[in-house]
Amino acid sequence: MGGTGGLAAARAGEGTRGRRALGGAPLVAALAERAAASPLRLCVPGHGGGGYAPSALRRALERYGVWALDWTEVPGLDDLAWPHGPIRDAEARLAEAFGADGAAILVGGSTAGILAAVLALARGGRVALGATQHRSVYAALALAGARPVFLPEVADPETGYSLGLTEAAAAIVERERPALVVVAHPTYQGVAATPPALWEAARRTGAAVLADAAHGAHFGADPRLPPPALAAGADVAVLGLHKSLGALTQTAALVWRKGMPEERLRAMLRLIQSSSPSYLLLASADSASAAWAADGARRWARAVDHALEAAAWLGDEAWTPAVARDPTKLLWLRPAAGAGDLLAVLRAAGVEAEYADGRAVLFCLGPHVGRRGVERLRRAVRAVRSALPAARSARPVPAASPPAPPDMDMLAALAAPGERVPLAAAVGRVAGDFLVPYPPGIPRVLPGRRLSAEDVAAVAADLGLGREVQGVTPDATIKVLRPERGAGP
Ligand SMILES: Cc1ncc(COP(=O)(O)O)c(C=O)c1O
C-alpha cells in the first residue's frame, strides 16, 4: 500500500505543477495530467492512447501535425451534408468494409446516428425495445414523438446484467406491430444475444430493425466475436468507430441495407450534424475503416486471445455467462463498497478501467493491449486485492427494468418550466427530466412521467448504492413541472 500511496502523492504533485505550467486552462491541465500519467487505457476511446490508432491518420499527423490537418468544409474538401467528393468516396469504402449498402460518417457519436435513424423510421410511431438501452435511444424517442413498447429481457441472477431479450419478445413484436425495433448489439457489458425469432418477427411484420452497435463496430473480425449487426439481421446500425475501432472520439458510422430510405436518413442527419465537421474526425473514420479492412481480423484475433488469457487467470472472478458475448469486454466480478475507491487504486497502479458499479469492473481489451498490457493489468488487479478488501456481500446491481411510460409528451415535459424539489417530495409530480443512473446511462425515469412512490424508491435505491444519477443534484433535488403546467388530468 505504501507504494500505491506514494504514487498517488507523486501524481498529485505533478498535477499542481502541470496546472501552473498550462496557464490556468483547467481542461487542458486535466488532460495533460492524464497524458503525463500515461495509464494503460482499458476504456474508450478504443485507440488506447494511440496503440491502435489507424495508420494512415497517424502517419499524416506525424508528418503535418494536428493544426495543419484541422480543416472543415472549404471549397474542394466536400460537404458532409451533401457528400460528392472525398467524403462520398470514404463513405462508399466504409460501407464496403462493413458489408453495408450505404453508410454515412457521424461526427456526433453513435448518438447522432440513433437520433437520425429513429426520426427517419419511426416519427410519431411505436418503437419496440428492451429496457437496457442507452439514453440516446430514449432521447430519440422524445425527439421523434415515438412511443416505447417494452420487450422483456433476461437478467443474470448473479449480477443483474441483461442477458438479452427473452423469446417472448418476438410475440410482442408480432402483436404490437411497431414501426421500428431497437436492439443493443451489444449491451454495455458486451452481450449480443438477440433471439433469432425476434429478427424474424420484425421481418414478417415489416418493422425495421436498428442495431445500436456503439460497442460492436469490431464484431465479425474473429469467429469468437459476435456477428456484425447487419449480418445478424439488422436493417440499419450505428457503429461506434471511436469506441472500438481506433478512430478519434465522437466518430461513428450509420450503415444500412438496401431498402432503407437513404434519402430520409440523410435528411435527418442534416438536421443533427454540425455544419462545420472536423476533418480530423472524418479522416479518422476513413482511416479506421481502411485499417479495419486491411488487418482487423489479425489484430482482433490477438486481442481475443489476450482477453481470454486474462479471463482465464481471473477464473471464477471473470463474468462468463453462457450467452453470445464479446470476450474483449472483460468484467471482473469484484464486489466493492466504493466503486470509486476501486477505480482510484487501479488508476494509481497505472490502469484506467471503463467503469465499476460496486459489483464488477469493466475493462475493454482492444488490440492496443497486447501481452505486456495483460501483465500490467494483472499487477493492477493484485494491487486492488492487497489494498482493498472485497465487500462481503456480492449483491447483483439492480437489473434494468423498463422505465414506466411517460404520462405526457417527453419533449414537452423537457421544455416546460419546472421547479426543483427534493426527490422524497416528488411523488405525484410530473418529472421534468430524465433520471439516469450513470454509468451505464440507462434511464430509470422518463420526462413526463407522473412519479409514483415506486419510481421515487427506485431512484433512492440507486443513490443509496452510491451510484451517480444524472438529473439528481448533489443535494438530491429533481426537476418537476409546475402543477398548473403539467400536473393536470
Ligand atoms: C450502448 C450505447 N449506445 C449508444 C451510445 C452513444 O454513443 P456516443 O457516445 O458515441 O454518442 C453509448 C455511449 O456510451 C452506449 O454505451
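Just so it is clear, the structure is predicted and the values come from calculations on it, not from any experiment.

Cut-offs applied
Residues numbered from 1 in each chain as written. Predicted model: local features only at pLDDT ≥ 70, side-chain atom pairs only at ≥ 80, totals over all residues. Heavy atoms only, no water. Pairing = 2+ DSSP bridges. Helix = DSSP H or I, 4+ residues; strand = E, 2+ residues; numbered from the N terminus. Axes fitted to C-alpha atoms, helices over the stretch in contact; angles between N-to-C directions. Contact = heavy atoms within 4.5 Å. Phe/Tyr/Trp six-rings, centres within 6.5 Å; stacked < 30°, edge-to-face > 60°. Buried < 20%, exposed > 50% of the residue type's maximum accessible area, 1.4 Å probe, protein only. Lys NZ or Arg CZ within 6 Å of the ring centre and 35° of its normal. Lys, Arg positive; Asp, Glu negative; His and termini not counted. Salt bridge = Lys/Arg side-chain N within 4 Å of Asp/Glu carboxyl O. Polar contact = N/O pair within 3.5 Å; in protein donor to acceptor, adjacent residues only side chain to side chain. Domains from an automatic or database assignment. Buried area = accessible area lost by both parts, 1.4 Å probe. Nonpolar A, V, L, I, M, F, W, Y, C, P; charged D, E, K, R; others polar. Near = heavy atom within 4 Å. Areas by Shrake-Rupley, 256 points an atom, 1.4 Å probe, with all protein chains shown as cover.

### Focus: the sheet that holds strand 2 (residues 102-106)
One open sheet holds the seven strands; their spatial order is 2-10-9-8-7-3-4, and the pairing between them is mixed. Strands at the two margins of the open sheet, each flanked by one partner only, are strand 2 and strand 4 (147-151). Each adjacent strand pair in this sheet contributes to an overall mean axis angle of 20°, direction not counted. When strand 7 (residues 180-184) meets strand 8 (residues 208-213), the two strands line up parallel, connected through five bridges. Bridging across to strand 8, Ala184 finds its partner in Asp212. Across the face of the sheet, helix 4 (residues 86-97) comes into contact with strand 2 and strand 10 (252-256) while running at roughly 115° to strand 2.

### Comments concerning the packing of aromatic side chains
A complete count under the given rule lists six aromatic pairs for this structure. Here the aromatic rings of Phe98 and Trp292 are separated by 5.6 Å at their centres, their planes lie at 10°, and the arrangement is stacked. With Phe98 in the loop between helix 4 and strand 2 and Trp292 in helix 12 (residues 279-314), this pair connects stretches of sequence that are 194 residues apart. Residue classification places Phe98 among the buried residues on the basis of a relative accessible area of 11%. The aromatic ring of Trp82 is capped on one face by Arg270, whose charged end is 3.6 Å from the ring centroid.

### Some details on unusual backbone geometry
Residue Pro45 is reached from Val44 by a cis peptide bond, and omega for that bond is -5°. In this fold, Pro45 is placed in the loop between strand 1 (40-42) and helix 3 (55-69). Residue Pro186 is reached from His185 by a cis peptide bond, and omega for that bond is 15°. Phi at Ser38 is positive, roughly 45°, even though this residue is not glycine. As for its position among the elements, Ser38 is in the loop between helix 2 (26-37) and strand 1. The class for Ser38 is partly exposed, based on a relative accessible area of 45%. Even without glycine at this site, Arg177 takes up a positive phi of about 50°. By the secondary structure assignment, Arg177 is in the loop between helix 7 (168-176) and strand 7.

### Considerations on the side chain of Arg325
Structurally, Arg325 can be placed in the loop between helix 12 and strand 11 (329-333). Buried within the structure, Arg325 lacks any salt-bridge partner; its nearest side chain of opposite charge belongs to Asp326, at an N-O separation of 6.9 Å. Polar side-chain contacts of Arg325 include one of 3.0 Å to the backbone oxygen of Gln189. Side-chain polar atoms of Arg325 contact the backbone oxygen of Lys329, separated by 2.4 Å. Setting aside chain neighbours within four positions, we find Arg325 in contact with Gln189, Gly190, Val191, Ala192, Arg224, Pro226, Trp319 and Leu331.

### Some remarks on the domain arrangement of the protein
Under the domain assignment used here, the protein contains domain 1 (1-38), domain 2 (59-293) and domain 3 (411-486). In this structure, domain 2 and domain 3 have C-alpha centres spaced 28 Å apart. On the side of domain 3, 10 residues touch domain 2, which itself brings 10 residues to the contact. With both chains or domains summed, domain 2 and domain 3 bury close to 890 Å², and 73% of this area falls on carbon and sulfur atoms. When residues of domain 2 are sorted by the area they lose upon contact with domain 3, Arg135, Tyr138 and Ala142 head the list and together hold 53% of the total. The interface formed by domain 2 and domain 3 holds zero salt bridges in total. Our count for the contact surface shared by domain 2 and domain 3 stands at two residue pairs in polar contact (both at pLDDT 80 or more). Split into classes, the residues belonging to the side of domain 2 that touches domain 3 amount to six nonpolar, three polar and one charged.

### Details of helix 13 (residues 339-348)
Along helix 13, the residues that are buried comprise Ala339, Leu342, Val345, Leu346 and Ala348. With its phi angle positive at about 90°, Gly350 sits one or two positions after the end of helix 13.

### Remarks on the site of the ligand
Looking at the ligand, the residues that line it are Gly109, Ser110, Thr111, Ile114, His134, Ser136, Tyr188, Asp212, Ala214, His215, His242 and Lys243. The side chain of Asp212 places a nitrogen or oxygen atom 2.6 Å from a nitrogen atom of the ligand. Within the contact set of the ligand, an oxygen atom lies 2.7 Å away from a side-chain nitrogen or oxygen of His215. Within the complex, the protein chains bury 83% of what would otherwise be the 390 Å² of accessible surface of the ligand. Secondary structure elements with two or more residues in the shell around the ligand: helix 5 (109-122) and helix 10 (241-244). The dominant element in the shell around the ligand, judged by the number of residues it contributes, is helix 5, at four residues. When grouped by side-chain class, the residues that make up the shell around the ligand number three nonpolar, seven polar and two charged.

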